[in-house]
Amino acid sequence: RRVRIDVVTIFPGYLAPLREALLGRAIEAGLVELGVHDLRDWTHDVHQAVDDSPYGGGPGMVMRPQVWGEALDAVLAAGPARLVVPTPAGRPFTQATAQAWAGEERLVFACGRYEGIDQRVVDSYAARMPVDEVSIGDYVLVGGEVAVMVMVEAVVRLLPGVLGNPVSAQEDSFSDGLLEGPAYTRPVSWRGLDVPEVLRSGNHAAIARWRRDRALERTAARRPDLLDALPEDALDRADRAF
Ligand SMILES: N#Cc1c(-c2ccc3ccn(Cc4cccnc4)c3c2)n[nH]c1N
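Residues numbered from 1 in each chain as written. Predicted model: local features only at pLDDT ≥ 70, side-chain atom pairs only at ≥ 80, totals over all residues. Heavy atoms only, no water.

Engineer: Would you mind going over the nonpolar core in detail, with residue names and values included?
Structural biologist: Counting residues in each nonpolar core, the largest one holds 29 residues, and the members touching the most others are I5, V7, W101, F109, M151, V152 and V156. Of all the secondary-structure elements, those providing two or more residues to this core are strand 1 (3-9), helix 1 (21-28), strand 2 (32-38), helix 3 (95-101), strand 6 (106-110) and helix 5 (145-156). Residues in contact with W101, not counting those within four places in the same chain, are R82, V84, F93, L107, F109, D132, V134, M151 and V155. V8, L72, V75 and V122 belong to the second-largest nonpolar core, a separate cluster that totals 23 residues. (Core = buried A, V, L, I, M, F, W, Y, C linked by side-chain atoms within 4.5 Å. Buried < 20%, exposed > 50% of the residue type's maximum accessible area, 1.4 Å probe, protein only. Helix = DSSP H or I, 4+ residues; strand = E, 2+ residues; numbered from the N terminus. Contact = heavy atoms within 4.5 Å.)

Next up, the structure:
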């Protein structure tokens, strides 16, 4: 099964890193097909204008619907797809979102800039296909390109054959609802700091318990919201010490 990913942007060069390393190999292996399109290819004026002033006033500029409509009609002509529009006002993009999208045949990402894209673009396509307005986090970026890089990486790593060691969905970090605990490798002592004894004990039950305790401790300290979101039966008696 292969996934076709198309990205429309006024900065196609911004997406070049997608063709490096792991994702680049997935593309070469034919697991992923990636198309990056310059939105300005669908302008017709000498200035290649893609933005205009916002109705109702306010700061900045808004991206014009006509150009986006022609670009997306052209890209979507290749077949049905899920349209993804990154925006600070989007629903949170989570591991669950990545899991869901990993099952799609085609994803088309519309990267906005300025203050975003005229809302009628989303509204007009939402009438005929799944359209997701998503945000990768509670901070403000200048455009959607970085968000698309994040989302494409999170999705493509889930595709069979992409990762060398295919972590199963339930083993993936965040899948048990807790943060990953600390990791260690050689040397056993480094700048006066030693690897925790238990990890070298060979006692796999003790190691599993220690790792769970560290994950619970870290989650309670850094992401208490994740603890609150755990299903009732997720924490056993030993877990409740945290
Ligand atoms: N996903 C995501 C995002 C974005 C994001 C995404 C697309 C666009 C297109 C334009 N802008 C700039 C902009 C627009 C409106 C207000 N403020 C800034 C973007 C920001 N910012 N932060 C995130 N987590």
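We are not done yet, so read on.
Engineer: Break down the pairing of strand 6 for me, with residues and values.
Structural biologist: Among the five residues that make up strand 6, five are buried, leaving the element largely enclosed by the rest of the structure. As defined by bridge partners, strand 1 adjoins strand 6 across five bridges and the pair is classed as parallel. Bridge pairing links V8 to A110 in strand 6. Inspection of the sheet shows strand 5 (residues 82-92) paired to strand 6 by three bridges, in the parallel sense. Bridging from a neighbouring strand, V84 pairs with F109 of strand 6. (Pairing = 2+ DSSP bridges.)

Engineer: Outline helix 5, supporting the account with residue identities and numerical values.
Structural biologist: For helix 5, built from twelve residues, the straight-helix expectation of 16 Å at 1.5 Å per residue is met to within 8% by its first-to-last C-alpha distance of 16 Å. Burial within helix 5 is extensive, with nine of its twelve residues counted as buried. Looking only at helix 5, the buried set comprises E145, A147, V148, M149, M151, V152, A154, V155 and V156. (Expected span 1.5 Å × (residues − 1).)

Engineer: With reference to specific residues and values, describe the environment of Q48.
Structural biologist: Locating Q48 in the fold gives a position in the loop between strand 2 and strand 3 (51-52). In this structure Q48 comes out as partly exposed when scored by relative accessible area, which is 35%. Sequence separation between Q48 and G192 is 144 residues; the distance between their C-alpha atoms is 60 Å. Setting aside residues up to four positions removed in sequence, Q48 forms contacts with R40 and T43.

Engineer: Go over the site of the ligand with me, naming the residues and quoting the values.
Structural biologist: Neighbouring the ligand are 19 residues; Y114, S135, G137, Y139 and L141 lie closest to it. Between the ligand and the protein, one listed contact pairs a nitrogen atom with a backbone N or O atom of L141 at 2.9 Å. Contacts to the ligand include V142, whose backbone N or O atom sits 3.5 Å from a nitrogen atom. Bound to the protein, the ligand loses 88% of the 500 Å² it would expose on its own. Ranked by residue count, the leading element in the shell around the ligand is strand 5, at three residues. Per-class residue counts for the shell around the ligand are ten nonpolar, seven polar and two charged. (Near = heavy atom within 4 Å. Polar contact = N/O pair within 3.5 Å; in protein donor to acceptor, adjacent residues only side chain to side chain. Areas by Shrake-Rupley, 256 points an atom, 1.4 Å probe, with all protein chains shown as cover. Nonpolar A, V, L, I, M, F, W, Y, C, P; charged D, E, K, R; others polar.)

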